[in-house]
There are 2 protein chains.
Amino acid sequence: MKRKPAVTSRDVALRAGVSQSAVSRCFSPEASISEKTRLKVLNAARELGYRPNSIARSLITRSSRTIALVLSSLDNMFYPLAVEKASQRFQAEGYHLLLFVVPESDDFPGIMDSILQSQVDGILMLSALLTSSLARECVDAGVPVVLLNRSVEFEGISQVYSDNYHGGYWAGSYLAMSGHRDIAFVAGVETSSTSRRRHEGFVDGLAAHGLVPYAVVHGNYDFDKARHETLALFARGQGPDAIFAASDHMAVAVLETLRHELRRRVPEEVAVIGFDDTPVSAWPSYALTTVRQPIDEMIEAATSLLIEQIRHGAEAADSQVLPVTPVLRHTTRRME
Amino acid sequence: MKRKPAVTSRDVALRAGVSQSAVSRCFSPEASISEKTRLKVLNAARELGYRPNSIARSLITRSSRTIALVLSSLDNMFYPLAVEKASQRFQAEGYHLLLFVVPESDDFPGIMDSILQSQVDGILMLSALLTSSLARECVDAGVPVVLLNRSVEFEGISQVYSDNYHGGYWAGSYLAMSGHRDIAFVAGVETSSTSRRRHEGFVDGLAAHGLVPYAVVHGNYDFDKARHETLALFARGQGPDAIFAASDHMAVAVLETLRHELRRRVPEEVAVIGFDDTPVSAWPSYALTTVRQPIDEMIEAATSLLIEQIRHGAEAADSQVLPVTPVLRHTTRRME
DNA sequence: ATGAAAGCGCTAACAA
DNA sequence: TTGTTAGCGCTTTCAT
């Protein structure tokens, strides 16, 4: 387990003929040190292959300069994209990223414990697993948390989300205005606030045109589950003439099932709308009409909020909601 | 920056009326301690909300129980899948994952420095950026490295890769045997050993049937670049009657371009083969014939190798090559 | 089984 | 500007 004894600042000090603290100062930007000693130290350091031990530094500064990024799956491209963007931002700010992929079924309190033990400076949550008691633990431990597209009934925690309600509303009313009457919703995970808000918006959007949903099924944000539910939707009766899915990932599953298993033409027989606007929805084979979430801006806002809160404490906790944008492509009919 | 003073083992010791080392022992599994004190300590710890500080532990044990996972992009689904799997494996072994997404253009030596400073116990490289001098630094620093689907001219570093050469060979010879004569290759990044080996295999596979490539273009593993190169392939002359792409991600770009921009029927006019077998290639709209990389097994092998090496030192360095499997779907014609 | 004491490698007062 | 000193919170001898 142990490695060969590493080169320490003392070794460098000895070799450079200066004190250990001089070496330390050499490696912290704002410390004052003469050019002469700086050079001596830097030389000795290079010769010895010295690298400051950031663990020791963290211990004393009480800051690991590390952020925990928590999510439950990477198979919806929304998440890889978010991770990539977050990684860039944090790297630019001098933070490392500790990644936790926690399947919904896992022992989440245990994971939270392990996250808190790891002394991260902040937590960026893209997963729906944070209960309010867990949230309280974070706040008690003084660890800033920002939730992305999640919500928890606990204040003092920042949240960034897109306007899921209006996205759902737009989808519902757009489909209604396009002349559809039997409009189904493929929801995400039942407990997810994101899916619930989209659902609510959708229902209200339909209601504005005197409609109620043809059916609501649960796709759990999962490809295969969405496929099965689509099949089920058409198992008896006519089936819907339009489907709104709570994510592009599920919308693609719906589309594939419609075209290749149910032999329905899209959008002529059944229209489809997704949510997210991940790259796949722009691919010509799908050309999916969808509700765009401004993912880059969302990550931008979330990281800024988190860093702000790390620097200035809990009073910086805040929430932001970003607008969504309809993207019209070819899985819906042109209105009139 | 600093947080409220955390609860330390001393606080717990005071409260429980035992020594600080007793508290420490309580939280290390193999230490000997009486049931009585254990209970006292555990109670005090709970009351105080104590959580061992893993930074301090790392400092003394010289092991952060953290692995650096380095990759250059997440937009090819191969990588998110790999990350997810790796995360599970490492989590199960009690390691944390530090994620580094390093665009090829970035200052890689600088990043390596930052990785080494962070005192990770090991590095899993899914990126092609490790030069041999950087590799030497890792070995000098005593940090085990495992390369996945990469290679570097430096020994003492473990490598895990799939049989890229035979994958390429199969693609080339299969297309030749299916009666194609003008077969193009859409390569990945020029410097990537993975793409090069696929290329070599492909060329030899054609040669076995007396063919040479119709053309070789560079898609850089990028969707848009692959699309442009596909367009270029058909810009003058007839264009190829079959295309082998070094990744599914590019193969999808090829397919989309072929069908929707060039109006070629696949596989009747042009056949397409990809590489990876990511989920997208199984989607009915593509039904992409491809060469499957056993991604789970690859990650499994790589993580095992890395953990082995962390435990038993550099002499455990080893390499493994895993077999690939052709997956016949509908972007190629049935032979004869 | 338990406690005292010695650090791990570093930063941050404080003095000089 | 520099060196001295005192820890950060923990694990790990070494006695007891």
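Structure first, text after, so check above.
Residues numbered from 1 in each chain as written. Chains lettered and ligands numbered in written order. Predicted model: local features only at pLDDT ≥ 70, side-chain atom pairs only at ≥ 80, totals over all residues. Heavy atoms only, no water.

1. A word on the protein's contact with DNA strand D
- Looking at DNA strand D, there are 24 residues lining it, with Ser21, Arg25 and Arg62 of chain A together with Ser9 and Ser24 of chain B nearest.
- A share of 58% is what sugar and phosphate atoms reach among the atoms of DNA strand D within 4 Å of the protein.
- One of the side-chain N or O atoms of Ser34 of chain A is found 2.8 Å from a phosphate oxygen in DNA strand D.
- Separating a phosphate oxygen of DNA strand D from a side-chain N or O atom of Arg57 of chain B is a distance of 2.7 Å.
- Of all elements in the fold, only helix H2 (20-26) and helix H4 (54-61) of chain A together with helix H2 (20-26) and helix H4 (54-61) of chain B reach the threshold of two or more residues within the surface near DNA strand D.
- Element by element, the count of residues in the surface near DNA strand D is highest for H4 of chain B, at four residues. (Near = heavy atom within 4 Å. Polar contact = N/O pair within 3.5 Å; in protein donor to acceptor, adjacent residues only side chain to side chain. Helix = DSSP H or I, 4+ residues; strand = E, 2+ residues; numbered from the N terminus.)

2. Looking at the sheet that holds strand E9 (residues 271-276) of chain B
Residues and elements named next belong to chain B.
- Taken in spatial order, the six strands of this open sheet run E7-E6-E8-E9-E10-E12, and their pairing is mixed. In this open sheet, the two strands that pair with only one neighbour each are strand E7 (215-218) and strand E12 (325-327). On average, adjacent strands in this sheet sit at an angle of 20 degrees to one another, irrespective of strand direction.
- Along the sheet, helix H8 (residues 164-177) makes contact with strand E6 (183-187), strand E8 (242-245), E9, strand E10 (289-292) and E12, crossing E9 at roughly 170 degrees.
- This element, helix H11 (residues 248-261), spans E6, E8, E9 and E10 of the sheet and lies at about 160 degrees to E9. (Pairing = 2+ DSSP bridges. Axes fitted to C-alpha atoms, helices over the stretch in contact; angles between N-to-C directions. Contact = heavy atoms within 4.5 Å.)

3. Thoughts on the pattern of salt bridges
- Under the definition given, this model contains 28 salt bridges over all chains.
- Across the pair Arg89 of chain B and Glu93 of chain B runs a salt bridge, and its minimum N-O distance is 3.0 Å.
- Residue classification places Arg89 of chain B among the buried residues on the basis of a relative accessible area of 15%.
- Residue class for Glu93 of chain B comes out partly exposed when judged on its relative accessible area of 26%.
- Several salt bridges converge on common partners, so that one network encompasses Arg89, Glu93, Glu300 and Arg311 of chain A. (Salt bridge = Lys/Arg side-chain N within 4 Å of Asp/Glu carboxyl O. Buried < 20%, exposed > 50% of the residue type's maximum accessible area, 1.4 Å probe, protein only.)

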